[in-house]
Structure formats: C-alpha cells, structure tokens
Amino acid sequence: MKRIHCRRMAAFGLMAVLAATADAAQAPIPQLAGKDGRYALLVDGKPFTMLGVQAHNSSNYPAALDKVWAAAKDAHANTVEIPVAWEQLEPDEGRFDFSFVDTLVAQARQNKMRLVLLWFGTWKNTGPQYTPEWVKFDNRRFPRMVDREGKGIYCLSPFGEQTLQADKKAFVALMAHLKKIDAAQRTVIMVQVENEVGTYGTVRDFGAKAEAAFRQPVPPAILARKKAPVPGAASGTWAEVYGPYADEYFHAYAVASYIEALAKAGRAVYDLPMYVNNALRDPIEPMAPWKGNFASGGPTFDVIDIYKAAAPHIDIAAPDVYSPESSKVGATLSLFQRPDNALLVPEMGNAAGYARYVYQILGRGAIGVAPFGIDYADYSNYPLGSKLKDKAMAEPFGRIYAAFRPMQGQWAQWALDGRTFGIAEAEDRKPQTIDANGWKITASFREWQFGTANNGDRPPGTESPNGGAALAQVAANEFVVIGQNIRLAFEGAGANAGKPSMYARVEEGHFDNAGKWVMERNWNGDQTDYGINFTANPTVLKIRLGTY
Ligand code: DGJ
C-alpha cells in the first residue's frame with residue numbers, strides 16, 4: 001500500500017486508520033488507488049479487475065434476479081451492475097422501501113458476485129422516467145428545463161432546488177442503508193450517480209434561474225481547468241470566456257454541480273467510489289460546438305475537465321461504448337483514459353463483436369468493463385446489442401472472462417504498475433504492433449496455426465473481426481498473455497534492438513487461487529515455429545524470451 005496514493009487515505013489520514021483499527025471486523029472499504037496517472041480499484045484492500053455485466057434496465061426487482069445471476073454466471077463475471085430506482089426506493093415522499101436492495105445484496109452474496117449500483121434518479125438517459133410519480137408530475141415543485149424558445153421540455157432542470165434536495169435525500173438514504181447492511185462485507189463496490197445525464201434537443205436550460213446563472217462569471221475552479229477551444233476572454237461570463245461553446249459548457253457545469261451535491265452528501269455517509277457514465281459524442285469528428293448531435297451537459301470527453309472541477313466527489317467519467325467501429329472504440333478509450341481519470345467501461349454492446357474489446361480495454365489498464373444486457377430477461381436490445389437472449393449471448397464474453405478471472409487480482413496490479421497492453425482486431429484485419437519495453441510485438445489476424453500460407457483460405461470463425469490479446473510484461477523478458485484468434489510475433493527493440501532472439505519458454509497454464517502460476521504444458525516446435533497462434537479459445541500463456 002505504501003507505494004499507492006489513496007484518495008481516501010490522503011483525505012482522512014489518521015482518522016481512517018483509527019476507524020479501521022477500531023472496527024477490525026469490517027473489510028476495507030472499496031476505493032480507487034492511483035499511481036503515476038494509472039489506477040486500480042481496491043476491493044477488500046486488494047487490486048481488483050471488474051469483470052462485469054450490466055443487467056437490463058427493468059431487472060431491478062426480486063422476481064427478475066434469477067435471470068440476472070444465471071447470465072452473470074455464464075459470463076464468468078465477478079460483478080453485476082444493476083439499477084436502484086428512485087421510484088422504487090421512495091414511492092411515497094419520505095417512505096423508503098429498501099426491500100429490493102436487501103434482496104439484491106443477499107442474493108449477490110449467495111451467488112458470489114460483487115455489485116455496482118446504478119442510481120436512476122433525476123436523470124436516466126437524460127429523462128425523468130425513474131423518478132417517483134410524486135416527482136414526475138409535479139412540475140411546479142420539480143421544474144423541467146425550458147428551451148431557447150421558452151418552451152418546457154421533457155428533462156428536469158438542474159436548477160430545480162427542490163428536485164436536488166429530494167433526489168439527494170433519497171440517495172443519501174440509500175447510502176446510509178448500504179452502510180448499515182454492507183459495511184462488514186462490501187458486496188457493493190461502486191455506485192454510479194444518475195445514468196447518461198445531459199439533455200437532447202436543447203443545449204441548456206433557458207429558464208429564469210439558469211439565465212441568471214449563465215450571466216454570472218465562470219467560477220475560478222472551472223477557469224483553472226477548462227481552456228476555451230477558441231480564443232476568448234481570460235475571465236468573465238460563460239459567453240465571454242467560451243464563446244460558441246458557452247451553452248454546452250454551462251450546462252455541463254450545472255449538471256455536474258447537481259451530481260456533486262448528491263455524491264458529496266452520499267460519500268459523507270458511506271464513502272464508496274462513485275462515477276458517472278456517458279452517452280458519447282463522436283470521438284473522431286472535428287471538435288465543434290453542440291449542434292444537436294449528442295446529449296449536451298453529459299460528461300462527454302470535451303467536458304471532463306468541467307466535471308473534474310465541478311464534481312470532485314465523482315472519481316470517474318466513464319464511456320458507454322456502443323459504436324462498434326474499432327477506430328471509434330480506440331479513440332474513445334484514449335479520450336477517457338487520462339492521468340486524472342481512470343478508465344472504466346461501465347457499458348458496452350453485448351453483441352459478439354464487442355467481446356474482443358475486452359482485451360483492448362483491460363490491456364489498456366481499465367479498472368473494469370461490463371457488456372450491457374447480459375441478463376436472460378426476455379429482451380434483446382438489438383441493433384444496439386445482440387439479437388440473442390440466451391447462453392449464446394453471454395458466451396463470447398464468458399470465455400474471455402473465464403480465462404481472465406483466475407488472474408484478475410494480478411492483472412489489476414500489473415495495470416496499476418503500467419505493465420499491460422491490449423489489442424483488438426480492426427475491421428481492416430491489418431497487423432498491429434505493440435511497443436513493450438525491449439520488445440516489439442506484431443499481431444496479425446486470420447492466420448492458420450501452422451505455416452505462413454495465405455491462399456485466401458482463412459480459418460473458420462474469423463469471418464468477422466473477433467481477435468484480440470492482452471499482455472502484461474511481468475519481467476524484462478517475460479509476458480503473461482491472454483488472447484484469441486490472433487498471431488503474435490516478438491522481436492527485440494530498444495535495448496534488444498538488432499539482437500536475435502528466441503523463446504525460452506512458452507508455457508500454457510493458469511494462475512491458481514493463491515496467485516501461483518500452474519504450468520500445464522510448454523509450447524514448442526510446430527506450436528511456436530510460426531509465431532504464437534491463439535485460436536478461438538481464449539488461452540493464457542507465460543512467455544519468456546531471450547537474446548543471443
Ligand atoms: C445506455 C443506457 O445507459 C442503458 O441504461 C440502456 O438504456 C442502454 N443505453 C440501451 O440498451
């Protein structure tokens with residue numbers, strides 16, 4: 001722990017240490033640890049890779065849970081992300097019903113799963129559909145936003161003071177209840193505050209309160225962090241500083257400030273890591289002011305700095321990955337993985353083509369990933385996700401998670417140490433390279449295991465891109481590699497450049513429960529003569545090389 005800077009330890013110092021000593025029966029609270037701009041989620045005090053799945057939106061009722069656990073198990077997940085809705089927690093104002101949360105936590109323990117709770121409150125995919133009825137239809141007390149033309153719209157206003165107070169009260173009640181039922185076991189490891197916030201159809205709130213705030217100077221904390229994309233005043237109103245971007249940035253500030261109020265109050269009661277998720281803006285198109293093309297005010301990559309400044313109790317702005325093109329996935333991951341923002345992919349399409357991105361995401365050092373809708377509820381969210389609703393839908397993720405799972409703890413530590421790399425096959429099927437320390441690794445796709453013949457006859461099952469690998473450089477000349485449908489070739493680079501090299505050992509095996517490597521066999525001869533060829537079955541190898 002010494003080498004790791006923990007946000008919570010820094011914040012509470014001795015008090016936290018004393019509290020932990022006084023209550024030795026409790027497992028350490030989950031927290032995010034950072035080192036040199038990389039991160040690990042600590043669960044029970046140890047680095048943890050979240051091999052997650054997310055349940056369908058309406059699976060937040062006891063009767064729906066059997067189908068969630070069944071799918072999560074088939075996916076070999078260690079964590080289930082699942083909503084807790086304001087409408088179910090506080091159906092009548094001031095009357096709280098924790099029965100679903102109690103059932104959920106108890107069943108998660110029986111099923112040996114961790115939980116990430118998704119607080120569906122004021123905003124769920126920007127709308128108020130998960131608020132209780134006493135909120136939904138009382139627009140005087142809980143005002144909706146007003147568009148530029150002065151017309152009320154669907155989305156609740158971030159300037160609704162009573163909305164904020166009411167949402168905060170319910171959220172704090174949830175956190176207090178979690179502390180009561182889960183502080184000893186820490187089944188719940190993270191909380192998502194709201195869901196895909198922002199607003200479609202209008203760039204910001206034009207109601208009276210919002211207008212007054214828009215004319216105020218930009219707060220210094222925002223100015224210090226968010227630079228204007230076009231030259232503007234160094235300080236002044238939002239319009240003066242941010243010009244054509246002012247409306248979007250102001251809305252991001254308003255929404256982030258609202259979320260901060262919830263997160264701050266909730267963490268004061270029970271200090272779990274918290275994050276927000278994002279319905280992405282296009283990561284590739286040239287930067288331009290909002291033109292109706294994404295939910296304004298959400299934590300899109302261009303306003304992460306605003307969220308960091310306005311919502312310091314939110315650890316992570318996290319991308320929901322639903323554009324399957326590899327160029328967009330890669331760009332999104334690069335934009336969200338920053339020294340001040342741990343990479344977490346809390347949602348990803350559950351179609352088979354997304355499975356290869358697990359390698360890229362975990363290889364980049366993400367703290368976790370979760371395909372959406374891995375749940376045997378009778379519902380498919382095709383074309384966003386898979387057409388399938390049964391075991392075949394969970395299987396492509398399950399095979400990868402099963403191989404990762406025995407080493408998930410080591411993997412999280414290697415990621416924190418900056419030793420990991422990830423690759424996913426692109427649509428052009430072209431080779432890609434990884435520059436590791438002293439080694440260049442070339443990945444190619446659609447190769448046979450034997451030989452280099454390439455007569456147009458390709459291995460079955462490779463018709464669409466599904467190859468990938470994640471590598472951890474565990475020592476100067478040693479890699480732990482997990483992959484599928486990929487060929488890897490190693491050559492000396494950096495200090496090893498120009499030196500001939502060969503494999504010392506290519507051990508196939510697994511890590512046992514104690515984290516010890518168990519060798520099953522050593523690959524040699526045909527199995528290494530044409531590179532390291534992974535088939536469709538995810539396999540773990542420990543590769544040691546040498547130069548001569
Ligand atoms: C993203 C949202 O965050 C999820 O709750 C869900 O609505 C998916 N989109 C679509 O299935």
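Note that the structure is predicted; figures quoted are calculated from it, not measured.

A. The site of the ligand, seen in detail. The environment of the ligand is formed by Asn57, Lys124, Asn125, Asn195, Glu196, Asn277, Asp320, Tyr322, Glu347, Phe372, Asn381 and Leu384. Interatomic distance of 3.2 Å between a side-chain N/O atom of Asn125 and an oxygen atom of the ligand. Glu196 places a side-chain nitrogen or oxygen 3.4 Å from an oxygen atom of the ligand. Alone, the ligand offers 300 Å² of accessible surface; in the complex the protein occludes 87% of this. Assessed atom by atom at 2 Å from the grid points, the ligand resides in the second largest pocket. Here the shell around the ligand is built from residues that sort into 3 nonpolar, 5 polar and 4 charged.

B. Quick look at empty space enclosed by the protein. Per the counting criterion, the structure on display carries 3 cavities of 30 Å³ or more. For the second largest cavity, the calculated volume is near 40 Å³. Forming the walls of the second largest cavity are Val276, Ile304, Tyr307, Lys308, Ala311, Ile314, Ile316, Ala317 and Asn341. Among the elements of the structure, α11 (304–310) and β12 (316–321) are those that each provide at least two residues to the lining of the second largest cavity. Here the lining of the second largest cavity takes 3 residues from α11, the largest share from any one element. The class makeup of the residues in the lining of the second largest cavity is 7 nonpolar, 1 polar and 1 charged.

C. Expanded view of the packing of helix α12 (residues 326–336) against helix α13 (residues 356–363). At a minimum axis distance of 11 Å, the contact between α12 and α13 shows a crossing angle of 20°. As far as their axial angle goes, α13 and α12 are roughly parallel. Along this stretch, α12 crosses α13, giving a crossing that reads as right-handed. Between α12 and α13, the residues in contact are Ser326, Val329, Gly330 and Leu333 and Arg356, Tyr357, Gln360 and Ile361, respectively.

So, how was this worked out
- Residues numbered from 1 in each chain as written.
- Predicted model: local features only at pLDDT ≥ 70, side-chain atom pairs only at ≥ 80, totals over all residues.
- Heavy atoms only, no water.
- Near = heavy atom within 4 Å.
- Polar contact = N/O pair within 3.5 Å; in protein donor to acceptor, adjacent residues only side chain to side chain.
- Areas by Shrake-Rupley, 256 points an atom, 1.4 Å probe, with all protein chains shown as cover.
- 1 Å grid on protein atoms, 1.4 Å probe; cavity = no way out; pocket = protein on both sides within 12 Å on 5 of 7 lines; lining within 4 Å.
- Sits in = over half its atoms within 2 Å of the grid points.
- Nonpolar A, V, L, I, M, F, W, Y, C, P; charged D, E, K, R; others polar.
- Points joined across faces, edges and corners; volume = space filled by probe spheres on them.
- Helix = DSSP H or I, 4+ residues; strand = E, 2+ residues; numbered from the N terminus.
- Axes fitted to C-alpha atoms, helices over the stretch in contact; angles between N-to-C directions.
- Parallel < 35°, antiparallel > 145°, perpendicular 65-115°, else oblique.
- Left-handed = near helix turned anticlockwise from the far one by under 90°.
- Contact = heavy atoms within 4.5 Å.

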